[in-house]
Amino acid sequence: MSEGKPIGHVLDDVVAKDPDRTALIIAGERTSYGELDRAVNDAAAGLRAAGVSRGWHIPLVDDTSVLAVATLIGATYLGAATVLMNPRLTSGELGVLMEAAGTVSTGMVGK
C-alpha cells in the first residue's frame, strides 16, 4: 500500500495484484478483494447519487456485512464518514446517537 494514499483507496494495490484473494469472511461466506472493490464503488456511487459529499456523517446501523464494509470504505471516496451504530439498540437510543453524531433520522446530514 502506498503512503499518502487516501483511505478510500486502500484496496487498490491488492485488487490490482490479486483480486481473487479473500478480503472478508462473514458468516462463513468469502468475499474477494475484487468483489469488495466493486461493492465499494457501488456504495460510493449510491452515496454520491443521494447527495453525500465531503464532511457528511452517515449513520450506519448494521451488523457485520459486506454492504456495511463497502459503505464504510465507499464513504471515504467522497470525504464523508460513517458513524457505526449497533442494530441491537432501540430506536430511541439510535436517535440519541444520531443526534450526537451530527446525523438526522432521515439518514444523512451535511457537516
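Further up the page is the structure itself.
This structure is a prediction, so every number in the text was calculated from the model and none was measured.

What counts, and where the lines are drawn
- Residues numbered from 1 in each chain as written.
- Predicted model: local features only at pLDDT ≥ 70, side-chain atom pairs only at ≥ 80, totals over all residues.
- Heavy atoms only, no water.
- Core = buried A, V, L, I, M, F, W, Y, C linked by side-chain atoms within 4.5 Å.
- Buried < 20%, exposed > 50% of the residue type's maximum accessible area, 1.4 Å probe, protein only.
- Helix = DSSP H or I, 4+ residues; strand = E, 2+ residues; numbered from the N terminus.
- Contact = heavy atoms within 4.5 Å.
- Axes fitted to C-alpha atoms, helices over the stretch in contact; angles between N-to-C directions.
- Parallel < 35°, antiparallel > 145°, perpendicular 65-115°, else oblique.
- Left-handed = near helix turned anticlockwise from the far one by under 90°.
- Nonpolar A, V, L, I, M, F, W, Y, C, P; charged D, E, K, R; others polar.
- Polar contact = N/O pair within 3.5 Å; in protein donor to acceptor, adjacent residues only side chain to side chain.
- Salt bridge = Lys/Arg side-chain N within 4 Å of Asp/Glu carboxyl O.

Novice: Explain the nonpolar core here, please?
Specialist: In a soluble, globular protein the nonpolar side chains are often hidden away together inside. With 10 residues, the main nonpolar core is built from L11, V15, L24, I26, Y33, L36, V40, A43, A70 and I73. Here the element with the most residues in this core is helix 2 (residues 33-49); it accounts for 4 residues. In this structure, V40 is in contact with L11, A70, I73, G74 and Y77, ignoring residues within four places of it in sequence. Counting residues in each nonpolar core, the second largest holds 7 residues, with L47, A75, L78 and A80 among its members.

Novice: How do you make sense of the packing of helix 2 against helix 3 (residues 66-77) when you look at a structure like this?
Specialist: Two quantities define a packed helix pair, namely the angle between the helix axes and the distance between the axes. Across the interface, helix 2 lies against helix 3 with an axial gap of 7 Å and an inter-helix angle of 60°. Relative to helix 3, helix 2 is oriented oblique. Both helix 2 and helix 3 take part in a crossing whose hand is right-handed. Between helix 2 and helix 3, the residues in contact are L36, D37, A39, V40, N41, A43, A44 and L47 and V66, V69, A70, T71, I73, G74, A75 and Y77, respectively. Residues belonging to the contact of helix 2 with helix 3 are distributed by class as follows: 12 nonpolar, 3 polar and 1 charged.

Novice: Looking at this structure, I do not really get the environment of V15. What am I missing?
Specialist: Along the chain, V15 turns up in helix 1 (residues 12-17). When sequence neighbours within four positions are dropped, the list of residues in contact with V15 reads Y33, G34 and D37.

Novice: Hey, could you run me through the side chain of S65 in this one?
Specialist: Along the chain, S65 turns up in the loop between strand 3 (57-61) and helix 3. Of the residues examined, S65 reaches a relative accessible area of 18% and is grouped as buried. Engagement of the side chain of S65 in a polar contact is seen with the side chain of D62, the distance being 2.8 Å. A polar atom in the side chain of S65 sits 3.0 Å from the backbone nitrogen of A68.

Novice: Which parts of the structure should I look at to understand the pattern of salt bridges?
Specialist: Opposite charge on two side chains permits them to pair, given that their charged atoms come into close proximity. Inspection of every chain in the model, using the stated rule, returns 1 salt bridge. Ionic pairing is found between R88 and D63, a salt bridge with its closest N-O pair at 3.1 Å. Placement of the pair is R88 in the loop between strand 4 (81-85) and helix 4 (91-101) and D63 in the loop between strand 3 and helix 3, with a sequence separation of 25 residues. Exposure remark for R88: the relative accessible area of 63% places this residue in the exposed category.

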